[in-house]
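Report on the structure
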Amino acid sequence: MTKAMTGAKMVVQALVDQGVDVVFGYPGGAVLPIYDEIFQQNHIQHVLVRHEQGAVHAAEGYARSTGKLGVALVTSGPGATNAVTGLTDALLDSIPILVLTGQVPTFMIGSDAFQEADTVGITRPCTKHNWLVKDTDDLARTIHEACHVATAGRPGPVLVDIPKDVQFATGTYTTKQARKSHYSPQVKGDITSITDLVKAMETAKRPLFYTGGGVVNSGDAATQLLRELVAATNFPITSTLMGLGCYPASGDNWLGMLGMHGLYEANMAMHDCDLMINIGARFDDRITGVIEKFSPHSKKAHIDIDPSSINKVIQVDIPIVGDIAHVLEDLLKVWKSRGRKTNAEGVSKWWDQINTWRSIDCLKFTQTGKIIKPQYALSRLEELTKKYDRYITTEVGQHQMWAAQYLGFENPNRWMTSGGLGTMGYGTPASIGVQMAHRESLVINVAGEASWLMNMQEMGTAMQYKLPVKQFILNNERLGMVRQWQELLHGERYSSSWSESLPDFVKLAEAFGAKGIICSDPDDLDDAIMEMITYDGPVIFDCLVEKHENCFPMIPSGKAHNDMILGENADTANAIQGAGGALV
Amino acid sequence: MSALNIKKGSTSHSAYNLKAGYEDTVERHTLAILVENEPGTLARVIGLFAGRGYNIESLTVAETDHHGHLSRITIVTSGTPQVIEQIKAQLGRIVPVHKVNDLTVEGPSVERELALFKVAGKGDARIEAVRLADIFRANVVDSTLESFVFEVVGTSEKIDAFGELMRPLGLTEVVRTGIAALSRGT
Ligand SMILES: Cc1cc2nc3c(=O)[nH]c(=O)nc-3n(C[C@H](O)[C@H](O)[C@H](O)COP(=O)(O)OP(=O)(O)OC[C@H]3O[C@@H](n4cnc5c(N)ncnc54)[C@H](O)[C@@H]3O)c2cc1C
Ligand SMILES: Cc1ncc(C[n+]2csc(CCOP(=O)(O)OP(=O)(O)O)c2C)c(N)n1
């Protein structure tokens, strides 16, 4: 069915057809026709953010917590450039979002018109794909194609740039079904390679599942199949920061997160395993450390939908290109049909070894005295909130790593964090996006005070839309992660890593009309957290914590997995040396 | 997708086995990339090479299928086998890229380049230039009393060689099209 309508109306119609119910945005001259259409309908709710970066992170939070597409709408020029950080963030973390930008009218493009920026040029390297639509007849088809590209294969951000005259003009609406595209990534894995992996699994003495964000991207079926596979084989499983929740933290085979700030047992298992089964992770440098020393004795299999992820960093023995849910389904079938074999004796010895590593209890800490340790704050938060229907977002820094270590995730899509880009300022807007999608759930942003200040204007959005997001700030009055590196690498010269002139967070909360809570005494912490949870509205929680606490375990850059700095009393002076110093 | 071609001698039989017996030698590969002819596609391809630090030794592009709205980009690049595999996989990710063919590994192929050489000179040098041009089957496409423009078609090596010979004879300007390449047979 084709219909004539204006470009602006088409935008709304196409979003409705795509099942979009929320758009995060900020108006301006070049998108006014679209805003006018939004005003005259009731299908899509528009959330007015306070900064375009916030719109994009909110869309990311919405997308990651629902598995659906997130949508943001911004104006030309500064609106578009403000969206760049969010686009890059979504690209690195494989988050499906659609950003619609207004553009100056087609006849003015290239004339340095008011609020003109070469948006497709600027965002080409930070989107999965982008389009400039010059003809209203192409608009609906392009938006449908954009939604398809964002969500198909390895998900990612897409952008459609729409000149103002294209919004005003009338054209023919193309339905979602009429879209034709050559873009259809391969989802089924090669059965010979899958069989090779099954054979390796049958004999491995020290197997390990190394899972990542790809499992979340693949969806609920992937999570279910992964859990079935782990239960059936009894192999241990670890995950990257991005894959937390796919296997439940309370599960028997869970080793915890791996990587630079991962758990001792997880990293030791990575180093010593003889079969590494990478499921939707991308051998990020936070995981591998020095390539030459990375898991030297293992056979490596890698399941990934993006051929470029395979052999990019680590050469693997069994590459399988395909969607995780599809591949795991076939893998289980083949494994079952071949008699459900594993090397049970070997695996049982492997568990003995792992259990001795576990007994080191690398996350232990002692809360003594009158100053709250950040680890303690998060342990209490975990204890007091785990029975809730809970979603966690984070900012970037030490608090983010502690949150990954001390909070347990039982399901995917419950943990929203900026992993690849490490964007300070992600957490607050992301929490808003999450809360929009899950109005009745408990949404907490675990923040550092420095990161939190980067997008704190979004408290206004939380107030306006009555989104009861909880901003749990671990306030160490330091750019803690930076300070930690200066301690380890730069002779304790704390160059610009002090958070000075901080606002009074309680008053700040009140200024926004939210609730402010401050807590500095470990004895008051439980009550304060309960007050935060039970308050019906947005809260800013200023949790004053130990200022110079370091985040451990840590694999110093330039070191191998079995060369970790462990917790308390660690010797940190000059822990990073030589070539490692050049790494980030 | 062609970006995933198996290298000879790989151990597994999967079509997606990207692993070859990698050594660290730098190889030169000619890639034929079939792309949708839409604005910005060339910028995407070039941006990929620039952004990820890959080399472009030669680049040619033109629409080859007007009906199908397709263009063909021929790129000569160099890198270790692992880098070449990455380049192909990264190209394959670009949405308007339909197909990536590595002409260097996918059986025999032919490569041609066209170049124009302007040679200025008088007397013996001028005569020698024409004589050499004849040996190289170069055409004279323009001549004045003091200069010639020669057109040479052939492999890049042939064009390099012709240039070397013309240099002492008064070579003043060169323009090359970059490589066009096709696989042989059907
Ligand atoms: C301060 C800081 C410290 C950090 N420390 C750590 C750390 O200690 N440990 C850690 O793990 N991370 C850490 N990170 C995060 C790290 O930088 C990376 O973001 C993260 O490790 C990448 O996770 P991933 O490998 O799961 O890949 P993702 O970025 O989630 O990529 C997913 C992969 O799965 C593939 N994929 C997507 N969809 C599918 C599908 N449907 N089917 C199959 N495959 C699919 C993609 O192609 C991609 O290769 C840290 C980040 C910060 C900011
Ligand atoms: C936008 C941005 N700028 C700079 C950095 C570098 N950086 C990483 S962590 C960090 C400090 C974060 O401090 P805070 O939010 O207080 O968290 P803490 O580490 O103290 O828990 C900085 C500056 C970054 N990741 N993002």
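Note that the structure is predicted; figures quoted are calculated from it, not measured.

Next up on the list: the overall build of chain B. When its secondary structure is counted, chain B shows four helices and nine strands. Each helix and strand of chain B, placed in order from N terminus to C terminus, yields the pattern β-α-β-β-α-β-β-α-β-β-α-β-β. Carbon and sulfur atoms form 55% of the exposed surface of chain B, whose accessible area is close to 9,700 Å².

Here the focus is the site of ligand 2. Residues and elements named next belong to chain A. Around ligand 2 sit 17 residues, and of these Gln 398, His 399, Gly 422, Ser 451 and Gly 480 come closest. Within the side chain of Asn 476, an N or O atom sits 2.9 Å from an oxygen atom of ligand 2. The separation between an oxygen atom of ligand 2 and a polar main-chain atom of Arg 478 is 3.1 Å. Considering ligand 2 on its own, with 590 Å² of exposed area, one finds that the protein chains cover 76% of that surface. When contributions to the shell around ligand 2 are tallied by element, the ones reaching two or more residues are helix 17 (398-406), helix 19 (449-454) and helix 21 (480-489). Among the elements that make up the shell around ligand 2, the one with the highest residue count is helix 19 (four residues). Each residue belonging to the shell around ligand 2 can be placed in one class, and the counts come to seven nonpolar, eight polar and two charged.

Moving on, we come to the sheet that holds strand 10 (residues 237-239) of chain A. Residue and element names in this part refer to chain A. With respect to topology, six strands assemble into an open sheet ordered 11-10-9-12-13-14, the strand pairing being parallel. With partners counted over all chains shown, the strands left at the sheet margins are strand 11 (254-257) and strand 14 (318-321), one partner each. Looking at each pair of strands side by side, their axes are set apart by 15° on average, direction ignored. As paired strands, strand 13 (residues 299-304) and strand 14 are joined by four bridges and run parallel to one another. Bridge pairing links Ile 303 to Ile 320 in strand 14. With respect to the sheet, helix 12 (residues 264-272) is in contact with strand 9 (207-211), strand 10, strand 11 and strand 12 (275-279), its orientation differing from that of strand 11 by roughly 100°.

What follows is about the domain arrangement of chain B. Interface size, as often reported, equals the accessible area lost upon joining of the parts. Residue and element names in this part refer to chain B. Once the domains are mapped, chain B shows domain 1 (18-102) and domain 2 (109-183). Facing the eight residues of domain 1 at the interface are seven residues of domain 2. Summed over the shared surface of domain 1 and domain 2, the number is zero salt bridges. Taken together, the connections running from domain 1 to domain 2 amount to four residue pairs in polar contact (both at pLDDT 80 or more). Considering only residue class, the side of domain 1 that touches domain 2 consists of two nonpolar, four polar and two charged.

Another aspect to go through is the side chain of Gln 435 of chain A. Residues and elements named next belong to chain A. You can see Gln 435 is positioned in helix 18 (residues 427-437). Classification of Gln 435 as buried rests on a relative accessible area of 0%. For Gln 435, the contacting residues outside a window of four places in its chain are Ser 441, Val 443, Leu 467, Pro 468 and Val 469.

Residues and elements named next belong to chain A. Counting residues in each nonpolar core, the largest one holds 104 residues, and the members touching the most others are Leu 378, Phe 472 and Phe 541. If you tally residues by element for this core, the top one is helix 14 (residues 324-337), at eight residues. Beyond its immediate stretch of four places on either side in the chain, Leu 378 contacts His 399, Trp 402, Ala 403, Tyr 406, Leu 407, Val 446, Phe 472 and Leu 474. Counting residues in each nonpolar core, the second largest holds 36 residues, with Val 12, Ile 44, Val 133 and Val 158 among its members.

This brings us to the site of ligand 1. Residues and elements named next belong to chain A. The full set close to ligand 1 counts 37 residues, and Gly 213, Thr 240, His 261, Arg 282 and Asp 304 are the nearest of them. Take Leu 258: an N or O atom from its main chain is 2.8 Å from a nitrogen atom of ligand 1. Separating an oxygen atom of ligand 1 from a side-chain N or O atom of Asp 304 is a distance of 2.5 Å. Contact with the protein chains hides 96% of the accessible area of ligand 1, taken as 990 Å² for the molecule alone. For the shell around ligand 1, the secondary-structure elements that each account for two or more residues are helix 10 (213-218), helix 13 (285-288) and helix 17. Broken down by element, the residue count for the shell around ligand 1 peaks at four residues, all from helix 10. Of the residues in the shell around ligand 1, the class split is 13 nonpolar, 17 polar and seven charged.

The rules we used
- Once a new chain begins, its residue numbering starts again from 1 and follows that chain's sequence as written.
- The order in which chains are written sets their letters, starting at A; the order in which ligands are written sets their numbers, starting at 1.
- Local features in this predicted model are restricted to residues of pLDDT 70 or higher, and side-chain atom pairs are both shown and tallied only at a pLDDT of 80 or more, whereas totals for entire chains, interfaces and linings draw on every residue.
- Computation of side-chain values: all heavy atoms of the structure, hydrogens and water removed.
- Each helix corresponds to a stretch of at least 4 residues labelled H or I by DSSP, and each strand to a stretch of at least 2 residues labelled E; elements are numbered beginning at the N terminus.
- Accessible areas in this description were obtained via Shrake-Rupley with a 1.4 Å probe; residue shielding takes into account the shown protein chains only.
- One heavy atom within 4 Å of a molecule or strand is enough for the residue carrying it to be called near that molecule or strand.
- Polar contacts here mean pairs of N or O atoms no more than 3.5 Å apart (in protein, one a potential hydrogen donor and the other a potential acceptor; neighbouring residues in sequence count only if both atoms are side-chain atoms).
- Classification used: nonpolar for Ala, Val, Leu, Ile, Met, Phe, Trp, Tyr, Cys and Pro, charged for Asp, Glu, Lys and Arg, polar for all others including Gly.
- DSSP bridges decide pairing: two strands pair if at least two such bridges lie between them.
- Axis angles are defined between N-to-C directions and span 0 to 180 degrees, where every axis is a line fitted to C-alpha atoms and, for a helix, only to the segment in contact.
- Whether two residues are in contact is decided by their heavy atoms, any of which lying within 4.5 Å being enough.
- Segmentation of the chain into domains, including their bounds, is taken from an automatic or database domain assignment.
- The salt bridge criterion pairs a side-chain nitrogen of Lys or Arg with a carboxyl oxygen of Asp or Glu, the two atoms within 4 Å.
- Remark: exposure states derive from per-residue accessible area (1.4 Å probe, protein chains only) relative to the maximum for the residue type, with buried under 20%, exposed over 50%, and partly exposed in between.
- In these notes, a set of buried Ala, Val, Leu, Ile, Met, Phe, Trp, Tyr and Cys residues joined through side-chain atoms within 4.5 Å is what counts as a nonpolar core.

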